Amino acid sequence: MDDLRDKYISAISSASDEVALEELRLQAVGKKGEVSLKMRELGKMTPEERQVVGPALNALKDEINSALSAKKAALADAALNERLKTEWLDVTLPMRERRVGTIHPVSQVSEEVTAIFADMGFAVAEGPQIESDWYNFDALNIPGHHPARAEMDTFYTHRKEGDNRPPHVLRTHTSPVQIRSMEAQGAPIRVICPGRVYRADYDQTHTPMFHQVEGLAIDTDISMANLKWVLEEFCRAFFEVDGVELRFRASHFPFTEPSAEVDIRCSWEGGTLKLGEGDDWLEILGSGMVHPKVLEAGGIDPAKYQGFAFGMGIDRIAMLKYGIPDLRAFFDSDLRWLRHYGFAALDQPSLQGGLSV
Ligand code: PHE
């Protein structure tokens, strides 16, 4: 009996899996197992012998059974530990960042522009996108017969049959906000007016809706020199590129006198846009000294006050700064484009914290 015990207890303890364990159970305590066969021999024994051997055999059977179930539990534990090792997950690792939407380049650039001009003391003013032709044209010294009206490819609204008042227009520029600001606050003024404008035009650099930002400064001692300084200061801060080169070109607008258009040096080589190099010039804004008739239309005395104004294409400067080749894609709502050119939400552009980091 001691031999049987030694044999099975040690075999059980070194069994490597449940199959081997079951095999041992059958060999020892199964119907035809060694211990069971021994029990059958009890019948041939004398009552005295039986009294000694019977309990001993039962005890052996119990011992083997409990060794089997202890080993079975140990094998299950080991298997679980093995699984835990491979399925282990470190919940303290930092999470993977997942962007929820992006900020459109037009929004980003509008905020950058606003931050730079705010630093120079300009407030933000707004006006309606559906505008009367007085604000969009007449008040800006563009009378009814003026060729500038035709040049601008204006979208007109319809009037009812028999209503002979001039139709409203989708504003063709942000300049009407000059007049609205003069009316609302009088002189002195320093505002920028960002917003949507509309012209019937469509190609790689023109869309029927686009964005401008108007600038207007009016006071008793404003000159063209202030205009030039403000624009150069702006471009240096905005483009964040050494050697941005501007070209002031004499021009004409009905609402400024004198007038200048400003171009920026760039290259389109290989279909990618680069600033400060190349032989191309991209017009980014129109500007000049506010025409006395415009000041008058806005209720400001031109004998006492002068000012400068400019109108700049927000989409244009976004294309230049971020190397975006086709304006039309701005307004296609293509999610791949937005993910590529968009900006992380919650990064507010500021001169201190960085404009476009
Ligand atoms: N309104 C002009 C345009 O849309 C730009 C401009 C604004 C020019 C202010 C001079 C002064 O092209």
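Above this note sits the structure.
Residues numbered from 1 in each chain as written. Predicted model: local features only at pLDDT ≥ 70, side-chain atom pairs only at ≥ 80, totals over all residues. Heavy atoms only, no water.

> Quick question: what am I supposed to make of unusual backbone geometry here?
Going from A187 to P188, the amide bond is cis rather than trans, its omega being -5 degrees. Within the secondary structure layout, P188 lies in the loop between α8 (176-185) and β4 (189-198). Here E257 and P258 are connected by a cis peptide whose omega angle stands at -5 degrees. Positioned with a positive phi, N141 is a non-glycine residue whose angle comes to about 65 degrees. Residue placement: N141 occurs in the loop between α6 (133-136) and α7 (147-151). Under the relative-accessibility criterion, N141 is labelled buried at 17%. A positive phi angle, near 55 degrees, is found at S333, a position not held by glycine. (Helix = DSSP H or I, 4+ residues; strand = E, 2+ residues; numbered from the N terminus. Buried < 20%, exposed > 50% of the residue type's maximum accessible area, 1.4 Å probe, protein only.)

> Would you mind showing me how to read the packing of aromatic side chains here?
The way to describe two aromatic rings as a pair is by their centre distance and the angle between their planes. Under the defined criterion, the tally for this structure stands at 11 aromatic pairs. An angle of 85 degrees between the planes, with centres 4.8 Å apart, marks the rings of F238 and F239 as edge-to-face. A residue is classified by how much of its surface remains accessible, and F238, at 0% relative accessible area, is buried. When the ring of F330 is compared with that of W337, the centres are 5.3 Å apart and the planes differ by 50 degrees; the resulting orientation is tilted. Like F330, the residue W337 is buried in the burial classification. An aromatic cluster of three or more residues is present, and its members are F117, F122, F234, F238, F239 and F310. When the ring centre of Y135 is taken as origin, the NZ or CZ atom of R180, which lies over that ring, is 3.8 Å away. For R328, the ring lying beneath its charged end belongs to Y202, and the centroid distance is 5.5 Å. (Phe/Tyr/Trp six-rings, centres within 6.5 Å; stacked < 30°, edge-to-face > 60°. Lys NZ or Arg CZ within 6 Å of the ring centre and 35° of its normal.)

> How should I be thinking about the site of the ligand in this particular structure?
Surveying the vicinity of the ligand reveals 14 residues, the closest of which are H173, S175, R199, Q212 and G311. In the model, a nitrogen atom of the ligand is placed 3.0 Å from a nitrogen or oxygen of the H173 side chain. When the ligand sits alone it has 320 Å² of accessible area, and the protein chains cover 92% of it. Of all the secondary structure elements, the ones that give two or more residues to the shell around the ligand are β5 (209-219), β9 (280-290) and β10 (306-313). No other element matches the 3 residues that β10 contributes to the shell around the ligand. A class-by-class count of the residues in the shell around the ligand yields 4 nonpolar, 8 polar and 2 charged. (Near = heavy atom within 4 Å. Polar contact = N/O pair within 3.5 Å; in protein donor to acceptor, adjacent residues only side chain to side chain. Areas by Shrake-Rupley, 256 points an atom, 1.4 Å probe, with all protein chains shown as cover. Nonpolar A, V, L, I, M, F, W, Y, C, P; charged D, E, K, R; others polar.)

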